Structures are given as C-alpha cells and as structure tokens.
Amino acid sequence: MPRYPKRHNFTRYILALIPLLALALGGCVSQPAPEAKKTAGPIFYPPLPEPPRYQFLTSFNGKDDFSTKAGGLDSFLGEKKTKNDVLKKPYGVTISNGVIYLGDTSAGVFLFDLNKKKFGPFPGSVGPGKVIEPINVTSDPQGNIYVCDPVRAQVLEYNANNQFIRGFSSPDQWKPVDAQVFEGKLYVADSTRLTGGVKVFDLKSGKLVSTIGRKGTPEQTLGIAYGLAFDKDGYLYVVDAYHFMVMKYDRDGHFRGGLGGVGDSPGFFGRPRGIAIDHQGRMYVVDAAYDVVQVFSNTGQLLTYFGNETGQPGSLTLPAAVDIDYNNVNLFKQYAAPGFEIEYLILITSQFNKHQAINVYAYGRMQGAKYKSDQQLYQEMLEKLERDKGKKLSK
C-alpha cells in the first residue's frame with residue numbers, strides 16, 4: 001500500500017454519528033504524470049497474495065481512443081483519431097446506458113458511446129444548451145444528464161437523447177459545482193464561500209424550494225460545498241472544502257454529524273473533491289492533494305486507499321470526480337481477471353494525466369477467496385498506522 005508523507009500537526013473536531021475525517025483545502029497542483037508503465041498481469045488492490053477487492057480495468061483518453069492499436073481500449077473503440085477531440089482538463093464523469101459523459105473545464109463536454117463505439121463532443125452542448133466551463137456531470141435513473149457550469153451559473157439538463165431541456169438557476173449569485181437527483185428533487189452544491197450551501201430544486205417546476213447547510217451553529221453550516229452523494233437511506237453527504245469536513249444532513253436539512261481533522265496520512269485529507277457511496281454505504285472520497293481515493297465503511301471507518309502509484313496503470317494525477325455504477329458492468333467484464341467477479345464499477349477522473357484521463361476500477365471478489373469483514377479491515381488499518389507511527393518515532 002502506498003505511503004503518505006509525514007503527518008502534519010492538526011486539531012480534531014469530534015461530531016456526532018459518522019466518524020469521517022476532515023478535509024484540507026490547500027495543496028499544490030500536481031504535475032502531469034509520467035507515461036504509464038506496462039504490467040505483466042492484472043492490477044489488484046490490495047495486491048496478491050491478499051484477496052483482491054478492487055481491480056483496475058482500463059483507462060479512457062479522448063485523444064487516443066480512436067486508434068486501432070491492438071488490445072486495451074484502443075482495440076475496443078476501434079476508430080481513427082479525430083484531431084479536435086482532445087481532452088484538456090477532465091473533471092466530472094458519469095456513465096448512463098452505455099455512455100460515459102465527461103465534463104472538461106477547458107474543452108467542454110464529451111461522450112464515449114461504448115455501444116456505438118464513438119467518441120466526440122456532447123451534441124446537446126450547442127445553442128441554448130451551450131456550456132461555458134462545465135465541471136461535474138451527473139445522471140438520473142431516466143437517463144437525463146445534468147451539467148454544472150459555475151461560469152454560466154446554471155445546472156443544464158439534457159434528456160436521454162442528449163437534447164437540451166432547461167437550465168436551473170438561483171435568484172442569487174451562485175457557483176453550481178456538483179449535483180445529485182434524489183426522489184424528485186435536484187440537489188446542487190453551491191461553492192460560493194460561506195453563503196452557498198446545497199440548493200434544492202423541484203424537478204417538476206424547476207423552482208428553488210430550499211437550501212441545506214445554512215442554518216445552525218458554525219460547526220453545522222457549510223463553508224464551501226463541493227461534492228455531493230446520497231446513501232441508500234437518503235442521507236446527504238457534502239464535501240465542505242472550507243471547514244475541512246464531510247457533512248451529513250437529512251433531506252430536511254438537519255445536520256446529522258461528522259468528524260473533522262487536517263492531515264496528510266491515511267484517513268486525513270489535503271484537497272478533497274469528489275465523493276460517491278455504494279449500496280452498502282461504503283464512501284469513496286477523492287483527494288487531489290495526494291492523488292488517492294480513500295474508502296470508508298458505512299460507519300466512517302477507514303478501510304483502504306489507492307491511486308497514487310505514480311506512473312503505473314491505474315494511478316491518479318490531481319483526481320477530481322468519482323462515480324459508482326452498477327448498471328454497465330457487462331461492458332467491462334472483458335477486462336476482469338479470470339475468477340474476479342465484478343459487483344460494481346468505479347470511475348475516477350484525473351485532471352493532469354495525459355495517459356489516463358478516466359480510470360475505471362471494479363469492486364468485486366475473487367472466486368474461492370476468503371474475505372475479511374469491513375470491521376476487520378478497519379482494525380488492520382489501525383494496527384498498520386500504529387506500526388508506521390512507531391517506526392517514525394524510533395528514527
């Protein structure tokens with residue numbers, strides 16, 4: 001497992017319910033990653049001989065995906081390069097009905113149609129649906145696509161045929177940076193410093209109906225809302241990059257807890273961005289400062305992390321967004337190692353990795369392997385951190 005730098009001094013803030021670890025806004029901009037090295041076999045986390053829980057499957061990169069090289073994604077897409085289809089700064093990602101949608105803050109919105117084997121600019125982003133600086137992209141169960149554009153100051157909605165429908169606007173100045181659809185409402189992270197929060201829109205009328213994260217004590221209010229995710233019970237989790245926290249709210253906007261702290265070792269954060277939650281409540285939080293995604297149990301206990309193996313296939317460079325998907329697994333089974341059964345996909349973008357703009361990983365199990373519980377993994381992580389701490393003190 002990769003090492004983090006030495007931990008900084010920090011102050012802990014203990015809150016109720018979920019023992020998550022807080023987030024630091026700062027962090028240096030990563031440099032473009034070196035060319036990924038070839039490996040002889042599948043890439044697992046943790047590596048063999050431990051029973052693998054994650055496998056890196058493949059990468060997507062707009063400028064190379066149409067070549068006809070043998071093997072990998074190039075062979076899968078099987079078309080020629082298109083000169084103008086070059087990704088510059090990938091950020092948001094979602095997958096719906098066999099199509100990967102990518103928001104590039106410097107180049108627009110792109111799609112990878114895995115069924116038609118086509119890549120290109122998002123066709124809905126013209127005329128009234130034109131984007132200026134798209135950041136995060138999300139989808140709903142009906143296949144509608146939502147693009148957050150903080151410069152246009154709208155969340156743009158497109159139907160399953162990629163046709164522009166409408167834009168969601170706030171009566172006040174705002175910076176929409178992430179969105180999630182849940183039970184007839186659109187929840188939007190407004191990153192306006194100290195006055196934003198999470199705006200809630202009614203999907204039928206398009207009207208703003210409430211704001212979450214603006215009431216309560218300073219410890220309960222949002223400073224800079226960045227990433228959004230819902231768990232299976234309908235609780236909303238918000239990455240707050242100002243107060244260095246992941247905040248938990250119910251749908252009525254009541255604060256339900258969190259744990260904070262600043263650091264650069266496992267379980268702490270330097271520059272958190274994207275967040276996603278699987279059906280079992282495992283939480284994935286992307287950290288752009290240390291090029292990792294950290295995985296927490298449904299009670300907030302740190303389980304593992306991966307991504308910062310510099311130069312290796314599956315590595316991350318200034319990662320931004322993470323998306324979990326259960327519906328498109330069949331399109332990626334061809335990349336799974338023999339015996340590895342995929343439960344769901346994890347898509348993560350890198351803003352500065354010219355060889356791996358979108359990495360696709362699988363969470364699953366190896367046939368016949370014996371797996372430990374999440375609680376056992378947490379205890380092992382604690383023991384490892386204590387051993388590492390002891391080694392540092394003995395030096």
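Residues numbered from 1 in each chain as written. Predicted model: local features only at pLDDT ≥ 70, side-chain atom pairs only at ≥ 80, totals over all residues. Heavy atoms only, no water.

Participant: I would appreciate a short explanation of the pattern of salt bridges in the present structure.
Facilitator: Think of it this way: side chains of opposite charge can pair up when their charged atoms draw near. On inspection of all chains with the given rule, the structure shows eight salt bridges. Across the salt bridge formed by aspartate 190 and lysine 199, the nearest N and O atoms sit 2.8 Å from each other. Given the relative accessible area of 6%, lysine 199 is considered buried. The partner of arginine 282 in a salt bridge is aspartate 374, and the shortest N-O contact between them spans 3.4 Å. Pair noted here: arginine 282 is in the loop between β21 (272-277) and β22 (283-287) and aspartate 374 is in helix α2 (residues 374-394), with a separation of 92 residues, a long-range link. The class of aspartate 374 is partly exposed, set by a relative accessible area of 22%. One continuous salt-bridge network, built from bridges that share partners, spans Asp278, Arg282 and Asp374. (Salt bridge = Lys/Arg side-chain N within 4 Å of Asp/Glu carboxyl O. Buried < 20%, exposed > 50% of the residue type's maximum accessible area, 1.4 Å probe, protein only. Helix = DSSP H or I, 4+ residues; strand = E, 2+ residues; numbered from the N terminus.)

Participant: It is not clear to me how the packing of aromatic side chains should be interpreted in this structure. Could you clarify?
Facilitator: Centre distance and the angle of the planes are the two values used to describe a pair of aromatic rings. Following the criterion strictly, the structure yields 25 aromatic pairs and no others. Lying across the ring of tyrosine 235, lysine 248 places its NZ or CZ 4.5 Å from the centre. Above the plane of the ring of tyrosine 371 lies arginine 365, whose end atom (NZ or CZ) is 4.5 Å from the centre. (Phe/Tyr/Trp six-rings, centres within 6.5 Å; stacked < 30°, edge-to-face > 60°. Lys NZ or Arg CZ within 6 Å of the ring centre and 35° of its normal.)

Participant: What's the story with the sheet that holds strand β2 (residues 43-45) in this structure? I'm lost.
Facilitator: Note on sheets: strands pair through backbone hydrogen bonds, and any given pair is parallel or antiparallel. The five strands are arranged β2-β3-β27-β26-β25 in an open sheet whose pairing can be described as antiparallel. Both edges of this open sheet fall to β2 and β25 (319-325), since each of them pairs with a single strand only. Strand-to-strand twist in this sheet, taken as the mean axis angle between neighbours without regard to direction, amounts to 30°. Direction of pairing for strand β3 (residues 54-60) relative to strand β27 (residues 358-366): antiparallel, over a ladder of six bridges. Residue pairing for β27: glutamine 55 is matched across the bridge by alanine 362. (Pairing = 2+ DSSP bridges. Axes fitted to C-alpha atoms, helices over the stretch in contact; angles between N-to-C directions.)

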